[in-house]
Amino acid sequence: MAFIPPKETYPGRVYSVSIGTGQKEITVGGENVLPFHSFEGAFSNRPLIAYEIHDVPPSDWPESVQKPYLDVCANPVSWAKYCQDILNAKAIALRLIGTHPDRENRSSEDAAKTVKEVIDSIDIPLIILGSNHTEKDSSVLIAAAEASKDRNCIIGKAQEANYKTIAAAAIANNHKLIAMSELDINLSKQLNILITQMGFDKEKIIIDPMCSALGYGLEYTYSVMERIRLAGLAQNDPTMQQPILGDVGMYVWKVKETIADEKDVPLWGNTEERGIAWEAVTAVSMLIAGAEILVMRHPKAIEAVEKMIDELM
Amino acid sequence: MALTGVEIFKLLPKTNCKKCGFPTCLAFAMKLAQRQASLDLCPDVSEEARQKLGEASAPPVRPITLGTGENAVKMGEETVLFRHDKRFVNPCVFALGIKDTLSSEEIEKKINEVRNSVIDRVGQKLKIDAIALLNDSGGPEKFENAAKILSEKAPEIPVILCTTNLSAAEVSTKLYSDRKPVLYGANAGNLEDMSGIAKNYKATLGIAASTGGLNELSELTEKVKKLGVEDIVIDPGARKAKEILEHNTLIRRAAIKKNFKPLGYPIITFAQREDNLLETLFAALGVAKYSSIIVLSSIERWKNLALFTLRQNIYTDPQVPMQVEQKIYKIGEPTEESPLLITTNFSLTYFIVSGEVENSKVASYLAVMDCEGLSVLTAWAAGKFTASKIAQFIKESGIEGSIKHRELIIPGYVAILSGSIEDKLEGWKVTVGPREANGIPAFMKSRMK
């Protein structure tokens, strides 16, 4: 029996989305096949990994992932420059976690100032993330969007409760927008529709279906991402054809497996290597499921995932 | 793909004789399609139809067992490409590669590593399942010697004997003749001899394509089948991530969507790399994308934990929530003054809540109640997380003997229950906690003030 490769073509295609400006502008998405399936179609744009930095020192990060940034993380500008110039980051994700009312409760003006300083010190694309406090994010992200006007950033995350103000800020300042919903393809689709009904260009949305860490619901994120990709490609659903973002580091570096000392759990092995592997394995799973943009923390995990992408492209 | 009811109906006699016990041939065909009836019930079916239906009803990926006894592992039997369609059936086998160039002490050390790899996670015992003996020496002596050590010192661990040397294959497979090993190393050059050995000792034959890829592989499996070997695992020969993804995807698709029998076998993937972290990621690709055996060069504990967890996640039944055991969990080292919180036993709920309690750095008791794996709101809506059930659980748990206070913190989403719990749990005070777990650290901090 002769073997005929059962290749598949799809009517749909993921939108190409460009971020950043000038020579360092980067395009993600654009494929008309499942992740890395270049044997049956076009998968030409490499997934992008952004280094996560914070507006305040990352005191809540476990020791093994604070360590690589100890000398630079007191100041977001030096942290960003370190990622760009020394670690060769292709993009930065600045999370304004210090604006959260339970944290430093920084004002929108302070946040905007940080954004301005960071964006003026780098030439690679910037992703600007709020603190995930839906009310506070509305005001913080408006200020942040203005401070980075026309620099073609990704801002977010817009959620059902606050998408109107954040989407309006993204339109006014020419940014892309992350639309985040909680682990449900229907909610994700609905939010995309609501945002486009405001007149927001559907091709400027980035989907965040909510990430989960390995061992902590990864399978849910994995399947939602696969289903979003299949809806966009096989069913040609225009509301599900945006690139997908996986906010990996934030979910990974708070689970026990990335924190617990080997002395306390000898069966789990070396703490640092375990944490790095946890982040890298989570990241690769997200890429295989359909993510085009990842936000990550540990330089060694990012380096390994980049090597894996090299081999998959 | 299996035949549909209508396709099966066309092959039946269409007499509606009812001898099968069903009112019509069509009704019988529908039951056959759902695999709820056997074709043997029809006395009048033609030989041709029997043959066609027999082929169609065989699983698209052949079920194969590696090893025997308690440690035997099943492979194959997969029916879908995406886990959201239906559960992936048999979790992939992780095998530690052991080179035959190692000394006997080193081999025994590796055996112990495999034996000690067991980790308990969410009630499941996860471990390195097998050993793959590698013929790095190139000759038969060292391989045979190493196989003897494995067979004597670790008779319970399933093995994959990897060699293209016929003498090594013969001797080692014979040692394992009743223990369902995989003999891996059949190729275009040695097919007949290797098939003979596998057949003699009832081993599963591992077939590797060289440069011909999936076409060559299909031809090889067909030849082997004609030689009388039915249990096969296949290696398309790819070693780069991109090709592994391509080959594994095309193999699984051909088997499932086209019912292409020559590739309807479990896939073996060699993930060994110089760079250990990259090897881990490579293995992760195999876990997600259809490998049935993944051979590793080392099994450090951190690496095992990550890979076992991924395998558990990917192979979880998407329709059955993972559950944790009902009990009072200690977080940190709680004293008789420590707070008591309650939640449901959906594993994700438990993980997230316990993680956030831990993040709050306040030693606590977490009462996890059996709600059949539902999350808090769903369990409440389904009547499984109710005041009377919570009261009963708290009383029977014996927590009253471990704490001095009588305060129970409930999830904010079920604030409505606070009054009725106080009614049913005499002497207790109910405090409403945050709605989302991520509010727990701030909540706990505010209580300390």
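Thresholds, definitions, all that
- Every chain begins its residue count from 1, and numbering advances along the sequence as written.
- Going through the entries in the order they are written, you letter the chains from A and number the ligands from 1.
- Side-chain atom pairs in this predicted model are given and counted only at pLDDT of 80 or more, local residue features only at pLDDT of at least 70, and totals for whole chains, interfaces and linings cover all residues.
- With hydrogens and water excluded, all non-hydrogen atoms of the structure serve as input to the side-chain values.
- Each axis is a line fitted through C-alpha atoms, and for a helix only the stretch in contact is used; angles between axes span 0 to 180 degrees, taken between their N-to-C directions.
- Per the convention used, a helix needs a DSSP run of H or I reaching at least four residues, while a strand needs a run of E reaching at least two, with both numbered from the N terminus.
- Each angle gets one of four labels, with under 35 degrees taken as roughly parallel, over 145 as roughly antiparallel, 65 to 115 as roughly perpendicular, and the rest as oblique.
- By definition, any crossing whose near helix is turned counterclockwise from its far helix by less than a right angle is left-handed, and any crossing with a clockwise turn is right-handed.
- Residues count as neighbours in contact if any of their non-hydrogen atoms are within 4.5 Å of one another.
- Three classes are used: nonpolar for Ala, Val, Leu, Ile, Met, Phe, Trp, Tyr, Cys and Pro, charged for Asp, Glu, Lys and Arg, and polar for all others, with Gly counted as polar.
- With a 1 Å grid spanning the protein atoms alone, the term cavity applies to any set of points in which a 1.4 Å probe fits but cannot get out, the term pocket to an open set with protein on both sides within 12 Å along at least five of seven lines, and the term lining residue to any residue with an atom within 4 Å of a point.
- Grid points are joined across faces, edges and corners, and a volume is the space filled by probe spheres set on the points.
- Once two parts are brought into contact, the accessible area they lose, counted with a 1.4 Å probe and summed over both, makes up the buried area.
- Basic side-chain nitrogens of Lys or Arg form a salt bridge, by our definition, when they fall within 4 Å of a carboxyl oxygen of Asp or Glu.
- Classification of residues uses two cut-offs on accessible area relative to the type maximum, computed with a 1.4 Å probe and protein chains only: under 20% is buried, over 50% is exposed, and between them is partly exposed.
- Only residues above 30% relative accessible area that lack a salt bridge enter a patch, with like-charged residues linked at up to 9 Å and the nonpolar side chains Val, Leu, Ile, Met, Phe, Trp and Tyr linked at up to 5 Å.
- For the area figures, the Shrake-Rupley method with a 1.4 Å probe applies, and any residue is considered shielded solely by the protein chains shown.

1. Points about the packing of helix H11 (residues 299-312) of chain A against helix H10 (residues 276-288) of chain B
At step 1: Following both chains from N to C, one finds H11 of chain A and H10 of chain B inclined at 55 degrees, their axes separated by 10 Å at the closest point. Classified by the angle between their axes, H11 of chain A and H10 of chain B sit oblique to one another. For the pair H11 of chain A and H10 of chain B, the crossing hand works out as right-handed. Contacts between H11 of chain A and H10 of chain B pair Lys300, Ala304, Val305, Lys307, Met308, Glu311 and Leu312 of chain A from the former with Leu277, Leu278, Leu281, Phe282 and Leu285 of chain B from the latter.
At step 2: Within the contact of H11 of chain A with H10 of chain B, the residues separate by chemical class into nine nonpolar, no polar and three charged.

2. What to know about empty space enclosed by the protein
Residues and elements named next belong to chain B.
At step 1: Tallied over the entire structure, the rule returns five cavities of 30 Å³ or more.
At step 2: Considering only enclosed or pocket space, the largest cavity measures out at about 100 Å³ in volume.
At step 3: Lining the largest cavity are 14 residues, and of these Val61, Glu78, Arg252, Tyr290 and Ser292 lie nearest its centre.
At step 4: When grouped by side-chain class, the residues that make up the lining of the largest cavity number eight nonpolar, four polar and two charged.
At step 5: Each pocket or cavity is described by its volume, and for the second largest cavity that value is around 60 Å³.
At step 6: If you trace the second largest cavity, you find it lined by Leu12, Pro13, Thr15, Asn16, Cys17, Lys18, Cys20, Phe22, Thr24, Cys25, Phe28 and Cys42.
At step 7: For the lining of the second largest cavity, the class distribution of residues is eight nonpolar, three polar and one charged.

3. Some points on the interface of chain B and chain A
Note: interface size is frequently given as the accessible area lost on complex formation between the parts.
At step 1: On the chain A side, the residues contacting the 54 residues of chain B number 54 residues.
At step 2: Between chain B and chain A lies a buried interface of about 4800 Å² when both sides are counted; carbon and sulfur atoms form 67% of it.
At step 3: A per-residue breakdown of the area chain B buries against chain A is headed by Arg253, Leu281 and Trp302 of chain B, which together make up 14% of the total.
At step 4: Taken together, the links from chain B to chain A amount to eight salt bridges.
At step 5: Of the charged contacts in the structure, one is a salt bridge between Arg273 of chain B and Glu311 of chain A, with a shortest N-O distance of 2.6 Å.
At step 6: Of all elements in the fold, only strand E4 (119-121), helix H8 (213-226), helix H9 (241-257), H10, helix H11 (301-314), helix H12 (347-359) and helix H16 (440-448) of chain B reach the threshold of two or more residues within the side of chain B that touches chain A.
At step 7: At nine residues, H9 of chain B tops the list of elements feeding residues into the side of chain B that touches chain A.
At step 8: Residue classes in the side of chain B that touches chain A are distributed as 28 nonpolar, nine polar and 17 charged.

4. Examining the pattern of salt bridges
Residues and elements named next belong to chain A.
At step 1: Scanning the entire structure with this criterion turns up 47 salt bridges over all chains.
At step 2: Where Arg95 meets Glu52, a salt bridge forms, and the shortest distance between an N and an O atom there is 2.8 Å. Of this pair, Arg95 sits in strand E4 (residues 92-95) while Glu52 sits in strand E3 (residues 48-54), and the two are 43 residues apart along the sequence.
At step 3: For Arg95, a relative accessible area of 3% gives the class buried.

5. Describing a nonpolar patch on the surface
Residues and elements named next belong to chain B.
At step 1: On the surface, Val6, Leu26 and Met30 cluster together into a nonpolar patch covering about 230 Å² of accessible area.
At step 2: Looking at where Met30 falls in the secondary structure, it is placed in helix H2 (residues 25-33).
At step 3: Met30 sits in the partly exposed class, given a relative accessible area of 34%.

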